[in-house]
Amino acid sequence: MKKILLWAFYALMPAGTLFAQQSSQENALLWKVTGKQLKKPTYLFGTYHFLTNAFIDTLPAVKQAYQQTDMVVGELIIDSSLQKPMMEAAVLKGTTLKEVLPDTLYTKAAAWFKQEAGMDLTNLNQFNPMMVMTVAMMITQQKYFPNKPGEIQLDTYFQQQGTKDGKKLKGLETVEIQVNALFKQLTIERQAALLNDLFSRPESLQSQLEVMNNAYIRSDMDKLQSLMYEGAYRPEEMKVMLDDRNSDWLRQLPALMKDQSLFVAVGALHLTGKAGLVQQLKSQGYTVTPVNLKKL
């Protein structure tokens, strides 16, 4: 159970944002940024936080791009300091999960956890619905699409490898920003509605994740954007989760890219759409081109 919760801390934001529906310009996970007198190219790589470094082993272009860069840039620095604030944000204050969920939803969720994980939902009684939803997804991922021992989640892998290789590391935001986007902007009632949507869909969570996993592996960004929670998140919620954060990152990236090459590894849907990093960098005058994942 502890292992599942630790995985969930690192997957919280992607789990919340992978289901937005926006229109992507091109289906690509890796992009090369040049122009505007950049001394070296920068690379943008869209991660999927349920996959591991084993996926990168199949993508020589990603490895080559990483090796050519001076700094690894992520959404935030992933280390043990994240656990406490994420835990504090995920824990209910003065109430319990059973008290905040409608009886029908609690019964539905309890039956799912018993069947899929052999666990009693009371083990999660201190957590808010958003955290419960993420734990359900992590349990499904590990049960039906397990990672091999020793494999490392993608964002964590690049940061750990960067440290080993002597590269500089940079986080584009603080954990407080992610906590606000995922938890604080959503009322408990709204979180419960999203949890209900998860367990009310006609296809199983296993099927949902299988389609999502395959779409990412195929670099099918349009498919990723339309999966599962299509229409579930409101425009104002997605603005906080994606657009506002992208805009803040874009205020930082030009200065970082000016004299050094970056390997920017962030959730894949931060790259796409009109408010995504790719389109906005193009709007700023940079040349941003998709890279063949098999050959740089």
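Structural notes, computed from the coordinates. (Residues numbered from 1 in each chain as written. Predicted model: local features only at pLDDT ≥ 70, side-chain atom pairs only at ≥ 80, totals over all residues. Heavy atoms only, no water.)

**Side note on unusual backbone geometry**
In step 1: Backbone geometry at Lys36 places phi at a positive 50°, although glycine is not the residue there.
In step 2: Position of Lys36 among the secondary structure elements: in the loop between β1 (30–34) and β2 (42–47).
In step 3: The backbone of Ser219 sits at a positive phi, close to 60°, despite the residue not being glycine.
In step 4: In this fold, Ser219 is placed in the loop between α11 (205–217) and α12 (221–226).
In step 5: Overall, Ser219 belongs to the buried group, its relative accessible area being 10%. (Helix = DSSP H or I, 4+ residues; strand = E, 2+ residues; numbered from the N terminus. Buried < 20%, exposed > 50% of the residue type's maximum accessible area, 1.4 Å probe, protein only.)

**Comments concerning the nonpolar core**
In step 1: With 72 residues, the main nonpolar core has Phe113 and Phe158 as its most contacted residues.
In step 2: Here the element with the most residues in this core is helix α7 (residues 129–144); it accounts for 9 residues.
In step 3: In contact with Phe113, other than residues within four places in its own chain, are Gly118, Met119, Leu121, Leu124, Val132, Val135, Ala136, Ile139 and Phe199. (Core = buried A, V, L, I, M, F, W, Y, C linked by side-chain atoms within 4.5 Å. Contact = heavy atoms within 4.5 Å.)

**Observations regarding the sheet that holds strand β5 (residues 262–267)**
In step 1: Ordered by their spatial adjacency, 6 strands build an open sheet running β4-β3-β5-β2-β1-β6, and the pairing between neighbours is mixed. On the outer flanks of this sheet lie β4 (168–171) and β6 (287–290), each paired with one strand and no other. Each neighbouring strand pair of the sheet contributes to a mean axis angle of 20°, computed without reference to strand direction.
In step 2: Across 4 bridges, strand β3 (residues 71–74) lies against β5 in parallel orientation. Of the residues in β5, the one forming a bridge with Val72 is Phe263. (Pairing = 2+ DSSP bridges. Axes fitted to C-alpha atoms, helices over the stretch in contact; angles between N-to-C directions.)

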